[in-house]
Amino acid sequence: AQSVTQPDIHITVSEGASLELRCNYSYGATPYLFWYVQSPGQGLQLLLKYFSGDTLVQGIKGFEAEFKRSQSSFNLRKPSVHWSDAAEYFCAVVGRVYSGGGADGLTFGKGTHLIIQP
Amino acid sequence: NAGVTQTPKFRILKIGQSMTLQCTQDMNHNYMYWYRQDPGMGLKLIYYSVGAGITDKGEVPNGYNVSRSTTEDFPLRLELAAPSQTSVYFCAIGTDWDEAFFGQGTRLTVV
């Protein structure tokens, strides 16, 4: 089964500084990878996704992520963070769905809590 | 166009009680999912459905049941609530496994 590791539980960044959130995955085939953001008390919102092709994908809110197969990574970046970016960020990978019972489904990492310092 | 609507937003249950978490969508997506989110644990898939009349287990189905009689609705049933089911529950929809649009969540406490 696939798995996702987000090694940083918390990250603190100054407003206006650059940001990189790490994500490593384990999956046998070419993965479908996602980054979601969750603001306090809210559901998850999709930031970007990677299926194939260009390994640098652009998302909403100025975020981008780069797929590196050799490192099994899909790190999220933003050149300059804003206070409104403070939230929980989840990396996820789609696994396999098995007819007749069970599904790997969308597997999430445990999340990285982003704190923005003024 | 509300997207995904979950009700209730909050609920407190006593051990052994039952309840149904409602999820309704107006986007005509075939795929619907139920996840639970526990602090520091990310989200875990409980059940999913690929269309009306079709449901299947996810990673953590024990203690839950679902039905999908229409494209729009995908209720999640807890028959005998246990403290371990205290969590935030998210319903999500999608056109395929390629992404999911999430509802606002239902915060459930079992005491």
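Thresholds, definitions, all that
- Residues numbered from 1 in each chain as written.
- Chains lettered and ligands numbered in written order.
- Predicted model: local features only at pLDDT ≥ 70, side-chain atom pairs only at ≥ 80, totals over all residues.
- Heavy atoms only, no water.
- Helix = DSSP H or I, 4+ residues; strand = E, 2+ residues; numbered from the N terminus.
- Rg over C-alpha atoms; globule rule 2.2 N^0.38 Å.
- Buried < 20%, exposed > 50% of the residue type's maximum accessible area, 1.4 Å probe, protein only.
- Contact = heavy atoms within 4.5 Å.
- Areas by Shrake-Rupley, 256 points an atom, 1.4 Å probe, with all protein chains shown as cover.
- Lys, Arg positive; Asp, Glu negative; His and termini not counted.
- Charge placed at Lys NZ, Arg CZ, Asp CG, Glu CD.
- Core = buried A, V, L, I, M, F, W, Y, C linked by side-chain atoms within 4.5 Å.
- Pairing = 2+ DSSP bridges.
- Axes fitted to C-alpha atoms, helices over the stretch in contact; angles between N-to-C directions.

Undergrad: Hey, could you go over the overall build of chain B for me, with residue numbers and the actual values?
TA: Tallying secondary structure elements over chain B gives zero helices and eleven strands in all. Taken from the N to the C terminus, the helices and strands of chain B come in the order β-β-β-β-β-β-β-β-β-β-β. The C-alpha radius of gyration computed for chain B amounts to 13 Å, which stays within 12% of the reference 13 Å derived for 111 residues, consistent with globular compactness. For chain B, the proportion of its 111 residues judged to be buried stands at 50%. By sequence separation, contacts in chain B at least 24 residues apart represent 54% of the contacts at least 6 residues apart. Here chain B displays about 5100 Å² of accessible surface, and carbon together with sulfur accounts for 52% of that area. Across chain B, 9 positive and 10 negative side-chain charges occur, with their mean positions spaced 13 Å apart.

Undergrad: Summarise the overall build of chain A; cite the residues concerned and give the values.
TA: For chain A, the helix and strand inventory stands at zero helices and twelve strands. Starting at the N terminus and ending at the C terminus, chain A contains elements arranged as β-β-β-β-β-β-β-β-β-β-β-β. Here chain A, with 118 residues, has 47% of them falling under the buried criterion. Sequence separation of 24 or more characterises 55% of the internal contacts of chain A that already satisfy a separation of 6 or more. In the form shown here, chain A has an accessible surface area of approximately 5600 Å², with 49% of it arising from carbon and sulfur atoms.

Undergrad: Describe the nonpolar core, listing the residues and the values that go with them.
TA: Residues and elements named next belong to chain A. Grouped together as the largest cluster of nonpolar side chains are 26 residues, with contacts concentrated most on Leu19, Trp35, Leu47, Leu48, Phe74, Leu76 and Tyr89. Ranked by the residues each element gives to this core, the list is headed by strand β10 (residues 87-94), at four residues. Excluding residues within four positions of it along the chain, leucine 47 makes contact with Trp35, Tyr36, Val37, Gly59, Ile60, Lys61, Phe63, Leu76 and Tyr89.

Undergrad: Could you give me a rundown of the environment of A:Asp8, with the residues and numbers involved?
TA: All names here are of chain A. For aspartate 8, the position within the fold is in the loop between β1 (3-5) and β2 (10-14). In this structure the C-alpha to C-alpha distance between aspartate 8 and valine 57, which are 49 residues apart in sequence, comes to 22 Å. Those residues within four positions of aspartate 8 in sequence are excluded, and the remaining contacts are Arg22, Gly111 and Thr112.

Undergrad: Could you give me a rundown of the sheet that holds strand β1 (residues 4-7) of chain B, with the residues and numbers involved?
TA: Residues and elements named next belong to chain B. As summarised here, the arrangement of the four strands in space is β1-β3-β8-β7, forming an open sheet in which the pairing is antiparallel. One side of each edge strand has no neighbouring strand; the edge strands of this open sheet are β1 and β7 (64-66). The average angle at which neighbouring strand axes cross in this sheet is 20 degrees, direction not considered. One ladder, built from four bridges, connects β1 with strand β3 (residues 19-25); its direction is antiparallel. Along β3, the bridge assignment pairs threonine 7 with glutamine 22.

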